[in-house]
Amino acid sequence: MISVTDLWLQLDALTPSPLPAERVPLGSTHNRILREPILAPEDQPPFDRSAIDGYLTHAEQPAGLVTLQGTIAPGSPAPTVPPSVGTAVRILTGSALPASAAIIMQEDTKAADNGCIHLLQPPSTKHIRHRGSQARAGAQLLAPGQLLNAGALALLASLGATTPLVTRRARVAHLVTGGELVSPEAKPAFGQIRDSNSTLIAALLADAHADLLWQQHVSDSRAATAGALAVALSTTADIILISGGASVGDHDHTGSLLAAQGFTIHCDKVASRPGKPFIAASRDGRLAFGLPGNPLSHFVCFHLFVKRVLARLAGTGPIALIHAQLAPHSELRPDPRETWWPALLTHDSVTPLPWRDSSDLTVLARANALLRVPSTPSDNSRVEVLRCS
Ligand code: AMP
Ligand code: MG
């Protein structure tokens, strides 16, 4: 049985590089990874702009009375020269300004008669956003590898970079096996249970910014499972997830069907609790995972392995474990397999949550982390944690 750490190394080797890059309209690039440097096409800001509502004057205008001569509305071009001494022009936040001017805030003036205003102090350049003061034309503003969060999207929009080069989203097909499963809308007959893994996987993939191309439930019949797997393989999915049937029971067809389809099986068990029957397989750069049916095992295997692969395919690199302080009086049950314990991470402290067994869904809504409990008991209260949300 392979250890979690060794399986990580194998999965990293199976996903050596990110998915191909593609040009995508800006509105569809949220949470993608940028694959090109973004340079300022022109000075930022591209012209001197006013940061205030107020008045434009000559650079040497002293305090005192000035005559008003019109307005420069934001969006209209600036005059080529500043007003002459003794005159002023109304400006608003964002108005374009001529070079070598001064401005004064409305609050530092007083209305006067005959189209004049009184400047209570000399105007200055303090509130001018000078051309190129944020970046010069040609400066690199974003580097490849940048996550396109809302702030990055706003910057791209401001630069007119409306079709950035980004990593393609991973495509996933999900096959759910189990004759005992009914849909969440149905009332289960005695002995049946509702399928919760389809909903779980759909939401986890959305969180991981991957596309769920296809999702289907089949009974435990080998022929039906083989047929559904063939359909999953006929899609353009980069990753095939198969829920249930990953163990060695009479209904567990995942490993043998993947092998029959020409997949190399890299592991069929991993030394993790929950999560033991876990199949990782590959064929021609495509990956397939057989996830144990129990919902908590699903959650753990997704976060430990599937999410890691998705992060590598996106180009973000593996999700790092963090170190946290174990909450006092925590009771952890070590196991010969290392345990990934559902937990609540707050700041630097991690609290293990109660769970009965790998079918126990009641804990999942509160768990935002998995706490690594080594197989050999340790007194160390600094523990490793994998963040899950
Ligand atoms: P399996 O891995 O198929 O042997 O399933 C292990 C356990 O997980 C069984 O008790 C199944 O009923 C349960 N299980 C399998 N698939 C699901 C599912 N989609 N939703 C909820 N429980 C499931
Ligand atoms: Mg099953």
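## Details of empty space enclosed by the protein
Phase 1: Enumeration over the complete set of coordinates arrives at one cavity of 30 Å³ or more.
Phase 2: When its volume is computed, the largest cavity comes out at roughly 40 Å³.
Phase 3: Surrounding the largest cavity, Trp8, His303, Leu304, Lys307, Arg308, Ile319 and Leu386 form its lining.
Phase 4: Ranked by residues supplied to the lining of the largest cavity, first place goes to helix α6 (residues 295-314) with four residues.
Phase 5: Taken together, the residues that form the lining of the largest cavity break down as four nonpolar, one polar and two charged.

## Quick notes on the sheet that holds strand β8 (residues 109-111)
Phase 1: Spatially, six strands are ordered β7-β4-β6-β5-β9-β8 in an open sheet, and the strand pairing comes out mixed. Strand pairing shows two members of the sheet lacking a second neighbour, β7 (101-105) and β8, which therefore form its edges. Put simply, the sheet's adjacent strands are angled 40° from each other on average, direction ignored.
Phase 2: The sheet contact formed by strand β4 (residues 54-58) and strand β6 (residues 87-91) spans three bridges and is antiparallel. Bridge pairing in β6 links Gly54 to Ile91.

## A closer look at helix α4 (residues 222-234)
Phase 1: For α4, which comprises 13 residues, the first-to-last C-alpha distance of 18 Å matches the rise-based estimate of 18 Å (1.5 Å per residue) to within 8%.
Phase 2: Where α4 is concerned, the buried positions are Thr225, Ala228, Leu229, Ala232 and Leu233. Down the axis of α4, the buried side of the element spans an arc of 140°, and every buried residue falls inside it. What points out from α4, more than 90 degrees from its buried face, is the exposed set Ala223 and Ser234.
Phase 3: The inward-facing, buried residues of α4 abut β13 (171-177), β16 (211-218), β17 (239-243), α5 (254-260), β20 (277-283) and β21 (286-291).

## Thoughts on the pairing of strand β23 (residues 338-346)
Successive side chains on a regular strand alternate, one facing one side of the sheet and the next facing the other.
Phase 1: For β23, the buried fraction is high: seven of the nine residues fall into the buried class.
Phase 2: Pairing geometry for strand β19 (residues 272-273) and β23, over two bridges, is parallel. Bridge pairing links Arg273 to Thr339 in β23.
Phase 3: Taken together, the five bridges between β23 and strand β25 (residues 369-373) define a ladder with antiparallel strand orientation. Its bridge partner being in β25, Trp341 is matched across the sheet by Leu371.
Phase 4: Counted between consecutive antiparallel strands, the loop separating β23 from strand β24 (residues 349-352) contains two residues, among which His347 sits at a positive phi close to 50°.

## Comments concerning the domain arrangement of the protein
Phase 1: We note that the domain assignment places domain 1 (4-17 + 169-314), domain 2 (21-43 + 134-167), domain 3 (49-129) and domain 4 (322-387) within the protein.
Phase 2: Distance from the C-alpha centre of domain 2 to the C-alpha centre of domain 3: 36 Å.

## Things to note about the state of the cysteines
Phase 1: Under the criterion given, the structure shown has zero disulfides.
Phase 2: Considering cysteine sulfurs only, Cys301 is the nearest to Cys388, which forms no disulfide, with 12 Å between them.

## Section: the pattern of salt bridges
Phase 1: Taken as a whole and assessed by the stated rule, the structure comprises 14 salt bridges.
Phase 2: For Arg312, the salt bridge identified is with Asp12, shortest N-O distance 3.7 Å. Here Asp12 lies in helix α1 (residues 4-14) and Arg312 lies in helix α6, a separation of 300 residues in the sequence. The burial state of Arg312 is the same as that of Asp12; both residues are buried.
Phase 3: Close ionic contact of Arg372 with Glu384 constitutes a salt bridge, the shortest N to O distance being 3.0 Å.

How each quantity is defined
Residues numbered from 1 in each chain as written. Chains lettered and ligands numbered in written order. Predicted model: local features only at pLDDT ≥ 70, side-chain atom pairs only at ≥ 80, totals over all residues. Heavy atoms only, no water. 1 Å grid on protein atoms, 1.4 Å probe; cavity = no way out; pocket = protein on both sides within 12 Å on 5 of 7 lines; lining within 4 Å. Points joined across faces, edges and corners; volume = space filled by probe spheres on them. Helix = DSSP H or I, 4+ residues; strand = E, 2+ residues; numbered from the N terminus. Nonpolar A, V, L, I, M, F, W, Y, C, P; charged D, E, K, R; others polar. Pairing = 2+ DSSP bridges. Axes fitted to C-alpha atoms, helices over the stretch in contact; angles between N-to-C directions. Expected span 1.5 Å × (residues − 1). Buried < 20%, exposed > 50% of the residue type's maximum accessible area, 1.4 Å probe, protein only. Arc of directions from axis to C-beta. Contact = heavy atoms within 4.5 Å. Domains from an automatic or database assignment. Disulfide = S-S within 2.5 Å. Salt bridge = Lys/Arg side-chain N within 4 Å of Asp/Glu carboxyl O.

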